[in-house]
Amino acid sequence: MLSIDKIEIKNYRQYRDFEITFDNNPSKNNLHIIIGANDTGKTNLLNAINWCLYEEEPHLGKNKEEMPILNTNTINEKMNKGAELEVQVKIYARDEDHKLKFIRNHKYALHKGNKNPVLQDRDYKILHTYPSGNTEIYPKEDAEEMVNQFIPKHLRKFFFFDGEEIKTYFKSELASQIKKHVFDLSNIDLLERVEERLTKCHKDIRRDISKLNPKLERIEKELAGFEKKIENLENMRDKAEEQMEKAEEKYEELKNKLRGMPDPDDIQEQIDSLVEKRDKRREKLSKYIKEKNELLLGHVISFSVYPAWENVLDIIRKKRENKELPPPYDPEEVQKIIDEGYCRLCQRELDSDSIGDVKNLMNTLKIDSKLNKELQSMELPIKTKMNTIKGFKKKIKKINSSINDYEEDIEELNEEIFKLEEKLKGHDNEKIAELHKDKEEWKEIFKDKSQTYHDAKAEIKVAKREKKKREEKLDKEREKEDKADYLNLQEDFTKEAIDYVVKMKKSIMDDTRYQLESLTKKYFFDLIWKKETYKNVKIDENYNVDLIHKDGYSCYGTAGAAVRQFFALSFTLALHKISGFDAQLIIDTPVGRTSGRHRKNLADTMKQVSENKQIILLFTPDEYDKKISKRLDPVASNRFKLKMIEEENETNLEEL
């Protein structure tokens with residue numbers, strides 16, 4: 001089992017001259033606790049390990065990306081001396097009786113007046129000390145290959161566990177890649193090589209048989225052509241699958257890097273769209289204002305005399321109510337009716353009483369006929385004008401309402417534009433735009449390679465069908481041959497051997513999958529406290545990993561952060577156990593998303609696992625509460641605290 005004995009760091013970020021030793025106390029567990037507040041260097045300790053092994057910093061925060069890898073205190077001290085400085089990380093590890101020392105060293109030059117160090121040289125090597133005491137040095141090329149024998153780069157997430165990135169733990173891994181990882185860890189590659197050798201022998205024997213029969217030779221050539229085609233397609237498929245994984249990882253990496261940052265192109269597009277809407281509304285507003293002004297200008301006189309018209313109509317109404325104003329009539333016409341004694345309106349003769357009534361009515365009227373006519377002639381035009389003004393008021397009211405609506409819309413649009421413009425302030429928009437562009441390019445690459453992958457799979461299926469047809473033809477032709485008995489026996493033997501290896505490989509993979517599923521389930525139900533909520537853990541033949549709710553449906557995607565964290569941790573522990581590739585487990589922020597009984601269960605599980613495996617846990621002070629410390633302090637071999645100096649750019653270590 002691989003475990004880390006010591007880490008030495010020189011001038012790597014906030015670690016200027018740093019050393020941490022993981023002594024394993026025989027009376028305690030192989031458990032080591034590191035406590036540090038945020039930004040004191042916990043995650044960068046994990047980055048230092050990754051940098052030493054793979055020359056990568058997968059957990060580097062976006063606020064640290066622009067900073068040099070070389071310690072800033074060292075840069076400032078040596079700035080005016082034109083010095084040469086180095087960044088170095090050494091990892092001392094052991095695998096049973098074998099001792100290993102991983103050393104990565106980068107040399108930088110500092111030039112006066114330039115705060116950016118210039119990389120001059122890089123070196124990487126591994127010192128391997130055997131049980132006999134002999135030491136072998138592996139230079140850079142061999143060292144990079146050798147490190148993959150201990151902790152393969154593509155499997156590192158199963159050994160360096162980041163609790164904060166738990167939500168992408170399975171999302172960023174294609175199921176087929178998890179299957180490949182398990183395949184690698186389970187050493188099934190040995191059977192792969194046996195299968196390859198047997199397949200080659202089988203082809204050679206078939207070729208010899210085919211020479212005995214021209215028809216067999218033709219069919220054999222066709223069969224070989226399909227086999228070559230399948231091989232090429234499988235290579236294309238596998239390459240596309242690798243490129244898909246890389247594209248997805250890059251996409252997720254850029255997505256995480258851009259989290260919380262604005263998308264300048266998208267925001268500018270939104271701003272342009274809002275400005276266009278605002279300009280159209282301003283244009284409409286101007287038309288309504290112009291229409292209103294024209295209407296007001298055309299009716300200004302009517303508006304000025306409107307009170308006088310109302311006054312005249314009021315006088316007429318009151319006089320009519322007081323019977324001081326008779327209905328409209330022609331005095332001469334009425335006199336003619338009296339003289340003739342006949343009413344043309346009702347077409348009847350008038351008796352003496354009726355004529356008397358008409359005469360009395362005329363005598364009671366106090367206004368002469370001329371004034372009556374003038375008043376009557378004024379009333380109708382005034383009412384008509386006033387009705388026109390009322391219609392005009394309604395129209396003006398409608399226009400005012402539209403003006404108010406457009407003014408409110410314009411104000412709201414201005415507020416939205418202002419908010420979007422504020423988002424763009426304080427950011428390096430060119431760089432962010434470039435990152436967004438890169439992210440979309442990786443997304444397109446993923447789509448393109450995904451299409452290639454599925455096209456290749458479909459073509460492989462067709463080619464295998466054709467290959468099978470040729471094999472059937474070949475078998476029929478061979479039945480006719482007597483001379484090829486011996487070769488046929490050899491061919492049958494190799495074919496059976498290949499079938500046996502394939503079945504054995506499948507059996508081991510199925511057994512491995514079953515063990516992985518069972519152990520994941522065991523660890524998971526040990527960790528969680530809501531044991532009645534979840535029913536099972538499932539890993540199908542394609543290594544799609546899922547959590548099953550008590551009601552039978554898939555629920556990993558909807559589970560809480562703590563449950564997903566425990567699920568991923570359970571899978572990791574199970575993978576270590578069944579693979580035979582048992583190395584240390586380093587967990588950054590192990591309980592950051594958990595609380596209550598979940599923390600207690602996690603501590604108990606770490607306590608149990610660390611009896612047989614090196615566990616290094618990196619906590620914040622808030623995470624390492626009484627519930628955790630009460631369980632882990634008594635069994636931990638080491639407890640350390642990370643502290644920053646006053647300038648807040650250098651971390652020191654204190655043993656607790």
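See the structure above.
The shown structure was predicted, so the numbers you read here are calculated from the model rather than taken from an experiment.

Visitor: Which residues make up the nonpolar core, and what values go with them?
Guide: Residues Leu53, Phe102 and Phe524 are the most contacted members of the largest nonpolar core, which totals 94 residues. Discounting chain neighbours no more than four positions away, the residues touching Phe102 are Cys52, Leu53, Val89, Lys90, Ile91, Ala93, Tyr124, Lys125, Ile126, Val147 and Phe150.

Visitor: Tell me about a negative patch on the surface, and name the residues and values.
Guide: A contiguous patch of negative charge on the surface is contributed by Asp405, Glu407, Glu408, Glu411, Glu412, Glu415 and Glu416. Here Glu412 lies in helix α11 (residues 369–424).

Visitor: Let's hear about the sheet that holds strand β2 (residues 15–21): which residues, and what values?
Guide: Read across the open sheet, the 6 strands follow the order β2-β1-β4-β5-β6-β7; overall the sheet is antiparallel. The open sheet has two edge strands with one neighbour each: β2 and β7 (135–138). Adjacent strand axes in the sheet meet at a mean angle of 15° when their direction is disregarded. As defined by bridge partners, strand β4 (residues 84–95) adjoins strand β5 (residues 98–109) across 12 bridges and the pair is classed as antiparallel. Residue Val89 lies in a different strand from β5, and its bridge partner there is Arg104. Seen against the sheet, helix α3 (residues 140–150) touches β1 (2–12), β4, β5, β6 (118–129) and β7 and runs at an angle of roughly 55° to β6.

Visitor: So what's going on with the sheet that holds strand β8 (residues 160–162)? Which residues, and what values?
Guide: Within the open sheet, the 6 strands sit side by side as β8-β13-β14-β3-β15-β16. Their pairing is mixed. Because the sheet does not close on itself, it has two edges, and the strands there are β8 and β16 (651–655). Across the sheet, the mean angle separating the axes of adjacent strands is 20° when strand polarity is ignored. The pairing of β8 with strand β13 (residues 585–588) spans 3 bridges and is parallel. Within β13, the residue paired with Phe161 across the bridge is Ile587.

Visitor: Describe the packing of helix α13 (residues 485–527) against helix α15 (residues 597–609), naming the residues involved and giving the relevant values.
Guide: Between α13 and α15, the shortest axis-to-axis distance is 8 Å and the interhelical angle comes to 135°. Taken together, the axes of α13 and α15 lie oblique to each other. Residues Lys522, Tyr523, Asp526 and Leu527 of α13 lie in contact with α15, whose contacting residues are His598, Asn601, Leu602, Thr605, Gln608 and Val609.

Visitor: I'd like a rundown of the side chain of Arg13, residues and numbers included.
Guide: Assignment of secondary structure puts Arg13 in the loop between β1 and β2. Accessibility expressed as a relative area gives 9% for Arg13, which makes it buried. A polar atom in the side chain of Arg13 sits 2.8 Å from the side chain of Glu57. Within the local environment of Arg13, its side chain forms a polar contact with the backbone oxygen of Pro68, the two atoms lying 3.5 Å apart.

Visitor: Quick one: what's the story with the packing of aromatic side chains, residue by residue and with numbers?
Guide: A complete count under the given rule lists 8 aromatic pairs for this structure. Ring geometry for Tyr12 against Trp51: centres 5.9 Å apart, planes inclined by 35°, an arrangement best described as tilted. With Tyr12 in strand β1 and Trp51 in helix α1 (residues 42–54), this pair connects stretches of sequence that are 39 residues apart. When sorted by exposure, Tyr12 lands in the same class as Trp51, which is buried. On the basis of an interplanar angle of 35° and a centroid distance of 5.8 Å, the ring pair of Tyr288 and Tyr406 is categorised as tilted. Placement of Tyr288 in helix α7 (residues 264–298) and of Tyr406 in helix α11 is noted, with a sequence separation of 118 residues between them.

What counts as what
- Residues numbered from 1 in each chain as written.
- Predicted model: local features only at pLDDT ≥ 70, side-chain atom pairs only at ≥ 80, totals over all residues.
- Heavy atoms only, no water.
- Core = buried A, V, L, I, M, F, W, Y, C linked by side-chain atoms within 4.5 Å.
- Buried < 20%, exposed > 50% of the residue type's maximum accessible area, 1.4 Å probe, protein only.
- Contact = heavy atoms within 4.5 Å.
- Patch = residues over 30% accessible without salt bridge, like charges linked within 9 Å, V, L, I, M, F, W, Y side chains within 5 Å.
- Areas by Shrake-Rupley, 256 points an atom, 1.4 Å probe, with all protein chains shown as cover.
- Salt bridge = Lys/Arg side-chain N within 4 Å of Asp/Glu carboxyl O.
- Lys, Arg positive; Asp, Glu negative; His and termini not counted.
- Charge placed at Lys NZ, Arg CZ, Asp CG, Glu CD.
- Helix = DSSP H or I, 4+ residues; strand = E, 2+ residues; numbered from the N terminus.
- Pairing = 2+ DSSP bridges.
- Axes fitted to C-alpha atoms, helices over the stretch in contact; angles between N-to-C directions.
- Parallel < 35°, antiparallel > 145°, perpendicular 65-115°, else oblique.
- Polar contact = N/O pair within 3.5 Å; in protein donor to acceptor, adjacent residues only side chain to side chain.
- Phe/Tyr/Trp six-rings, centres within 6.5 Å; stacked < 30°, edge-to-face > 60°.

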